[in-house]
Amino acid sequence: MSRRRIALIGFGSIAGDLAPALLARTAPGYELGVLLPPESESRVRVPEGCALLADCEELRAFGPEIVVEAAGHEAVRKSVPQCLALGLPVLISSIGALHDEALFAGLVKTAKASGGRILLPSGALGGVDYVRAVRDATSLALRYESHKPPAAWREELVKRGHDPATLAEPVTLFRGNAREAAATYPLNLNVAAALALAGPGFEKVEVAVICDPAARGNSHAITVDCEYGTMRTEITNAPSPSNPKTSWIVSRSLLAAIEQYFSPVMML
Ligand SMILES: NC(=O)c1ccc[n+]([C@@H]2O[C@H](COP(=O)([O-])OP(=O)(O)OC[C@H]3O[C@@H](n4cnc5c(N)ncnc54)[C@H](O)[C@@H]3O)[C@@H](O)[C@H]2O)c1
């Protein structure tokens, strides 16, 4: 069997972790194309042997079986619709972008018309299967708390008059629903958006964002209460050894999703 072709959109922290893991796989292994604008500084980081793709026309010609977005919200708005229109499955990392109702409805419409599919990974999160199973519960209460150290919220703290270096007590930066959270902190609230899409929708997920000087890493606490039972999970993600700014698990989640996509056995 020939190697499977995958197109990555973007080549930053996450794709930079994912690509070597994919290239190390054998039987049949993967061949990678990377969509980056010609002027992108990330182009120099793309490993030899991967095809550099300048636009969606070149992506189409590369002939991927699946597209993986790891580039950010702009790519979800611009490149993902074009890939879906080609009838391709697209694994979207920047799930927070989907809080924009018009964007999400447009992507779904395009996918339905072309035979493309929108695939959403669990990313930095866990327990999505449980949340999906209880999404219609009549008594459902779903809460998500993000705990990150001051280094992750430097600018936000300064804006509020706190000194990140001397912060002694936790500061609650946000309380509200997942739609407001994703709109307020689009780069940081992919997890809240993933919970909303797996579960009862953006308006019904309660979100708290806490900057905590005692936090050991980026932690996600999820609480579910409903007639089917309760779930309490707390996940603390380790930074990637190659880039401390990104959670290592995100690239592993994408790898698992890609392997699941091609597997004859699917865990849902
Ligand atoms: N689902 C999750 O749990 C989760 C967790 C962390 C990050 N994310 C998402 O993943 C995205 C990527 O994360 P990262 O840490 O690798 O970011 P990064 O900033 O390190 O890398 C982004 C890469 O995308 C490229 N890029 C930007 N806009 C592009 C476009 N329009 N077309 C093609 N390439 C483009 C950049 O040049 C860069 O190579 C984030 O923006 C975030 O939305 C999701």
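Residues numbered from 1 in each chain as written. Predicted model: local features only at pLDDT ≥ 70, side-chain atom pairs only at ≥ 80, totals over all residues. Heavy atoms only, no water.

### Topic: the packing of aromatic side chains
Right, on to step 1. Summed over the entire model, instances satisfying the criterion amount to four aromatic pairs.
Right, on to step 2. For the ring pair Y30 and F262, a centre distance of 6.0 Å and an interplane angle of 40° mean the geometry is tilted. Taken together, the residues Y30 in strand β2 (residues 30-35) and F262 in helix α9 (residues 248-262) connect sequence positions 232 residues apart.
Right, on to step 3. Residue classification places Y30 among the buried residues on the basis of a relative accessible area of 8%.
Right, on to step 4. Residue classification places F262 among the buried positions, given a relative accessible area of 16%.
Right, on to step 5. With centroids separated by 6.4 Å and ring planes inclined at 80°, the aromatic side chains of F174 and Y185 adopt a geometry described as edge-to-face. Pair noted here: F174 is in strand β8 (residues 171-177) and Y185 is in the loop between α7 (178-184) and α8 (190-198), with a separation of eleven residues, a long-range link. In this structure, F174 and Y185 share a single accessibility class: buried.
Right, on to step 6. Following the ring pairs from residue to residue traces out a cluster consisting of Y30, Y261 and F262.
Right, on to step 7. In this structure, R5 is placed above the aromatic ring of F62, and the distance from its NZ or CZ to the ring centre is 4.7 Å. (Phe/Tyr/Trp six-rings, centres within 6.5 Å; stacked < 30°, edge-to-face > 60°. Helix = DSSP H or I, 4+ residues; strand = E, 2+ residues; numbered from the N terminus. Buried < 20%, exposed > 50% of the residue type's maximum accessible area, 1.4 Å probe, protein only. Lys NZ or Arg CZ within 6 Å of the ring centre and 35° of its normal.)

### Some thoughts on the sheet that holds strand β4 (residues 66-69)
Right, on to step 1. Overall, parallel pairing links the six strands, which are arranged β3-β2-β1-β4-β5-β6 in an open sheet. Two strands in the sheet have a free side with no partner beyond their single neighbour: β3 (51-53) and β6 (117-119). Neighbouring strand axes in the sheet, compared pairwise and without regard to direction, differ in orientation by 25° on average.
Right, on to step 2. Looking at chain direction, strand β5 (residues 89-92) and β6 are connected through three bridges and run parallel. The residue bridging V90 from the neighbouring strand is I118, located in β6.
Right, on to step 3. The sheet strands contacting helix α3 (residues 73-85) are β1 (4-9), β2, β4, β5 and β6, and the helix crosses β5 at an angle near 160°. (Pairing = 2+ DSSP bridges. Axes fitted to C-alpha atoms, helices over the stretch in contact; angles between N-to-C directions. Contact = heavy atoms within 4.5 Å.)

### Thoughts on the sheet that holds strand β9 (residues 205-211)
Backbone hydrogen bonds are what pair the strands of a sheet, in a parallel or an antiparallel way.
Right, on to step 1. An order of β8-β9-β7-β10-β11 is seen for the five strands of this open sheet, with the pairing classed as mixed. A strand with exactly one partner marks an edge of an open sheet, and here the two such strands are β8 and β11 (229-237). Neighbouring strand axes in the sheet, compared pairwise and without regard to direction, differ in orientation by 10° on average.
Right, on to step 2. Here β8 runs beside β9; their pairing, made up of six bridges, is antiparallel. Each bridged residue has a counterpart across the sheet, and for T172 the counterpart in β9 is I210.
Right, on to step 3. Here α8 sits on the sheet and contacts β7 (141-148), β9 and β10 (218-226); the angle it forms with β7, its principal contact strand, is near 165°.

### A short note on the site of the ligand
Right, on to step 1. As a structural note, the neighbourhood of the ligand is formed by 23 residues, with S13, I14, S42, S94 and A124 the closest of them.
Right, on to step 2. Note that an oxygen atom of the ligand is positioned 3.3 Å from one of the backbone N or O atoms of G12.
Right, on to step 3. Between the ligand and N190 there is a distance of 3.4 Å, counted from a nitrogen atom to a side-chain nitrogen or oxygen.
Right, on to step 4. Protein contacts shield 75% of the accessible area of the ligand, which totals 860 Å² for the unbound molecule.
Right, on to step 5. Of all the secondary-structure elements, those providing two or more residues to the shell around the ligand are α1 (13-23) and α3.
Right, on to step 6. By residue class, the composition of the shell around the ligand is eleven nonpolar, eleven polar and one charged. (Near = heavy atom within 4 Å. Polar contact = N/O pair within 3.5 Å; in protein donor to acceptor, adjacent residues only side chain to side chain. Areas by Shrake-Rupley, 256 points an atom, 1.4 Å probe, with all protein chains shown as cover. Nonpolar A, V, L, I, M, F, W, Y, C, P; charged D, E, K, R; others polar.)

### Quick look at the side chain of S251
Right, on to step 1. Turning to its location among the elements, S251 is positioned in helix α9.
Right, on to step 2. Given the relative accessible area of 4%, S251 is considered buried.
Right, on to step 3. Those residues in contact with S251 that lie beyond four places of it in its chain are I14, D17 and L18.

### Some words on the side chain of N177
Right, on to step 1. Following the sequence through the fold, N177 ends up in strand β8.
Right, on to step 2. Of the polar contacts made by the side chain of N177, one reaches the backbone nitrogen of E180; its length is 2.9 Å.
Right, on to step 3. Not counting residues within four places of it along the chain, the set of residues in contact with N177 comprises F202, E203, V205 and V207.

### What about the domain arrangement of the chain?
Right, on to step 1. If you check the domain split of the chain, you get domain 1 (4-123 + 248-262) and domain 2 (128-237).
Right, on to step 2. A C-alpha centroid distance of 26 Å is found between domain 1 and domain 2.
Right, on to step 3. With twelve residues of domain 1 at the contact, the number on the domain 2 side is eleven residues.
Right, on to step 4. Taking both sides of the interface into account, the surface hidden between domain 1 and domain 2 amounts to around 920 Å²; carbon and sulfur atoms contribute 69%.
Right, on to step 5. For the domain 1 face of the interface with domain 2, the top three residues by lost area are H73, I95 and H99, together amounting to 47%.
Right, on to step 6. At the surface where domain 1 touches domain 2, the tally comes to one salt bridge.
Right, on to step 7. With its nearest N and O atoms 3.6 Å apart, the salt bridge here joins R179 to E101.
Right, on to step 8. Counting across the domain 1 and domain 2 interface gives four residue pairs in polar contact (both at pLDDT 80 or more).
Right, on to step 9. Class assignment of the residues belonging to the side of domain 1 that touches domain 2 gives a composition of five nonpolar, six polar and one charged. (Domains from an automatic or database assignment. Buried area = accessible area lost by both parts, 1.4 Å probe. Salt bridge = Lys/Arg side-chain N within 4 Å of Asp/Glu carboxyl O.)

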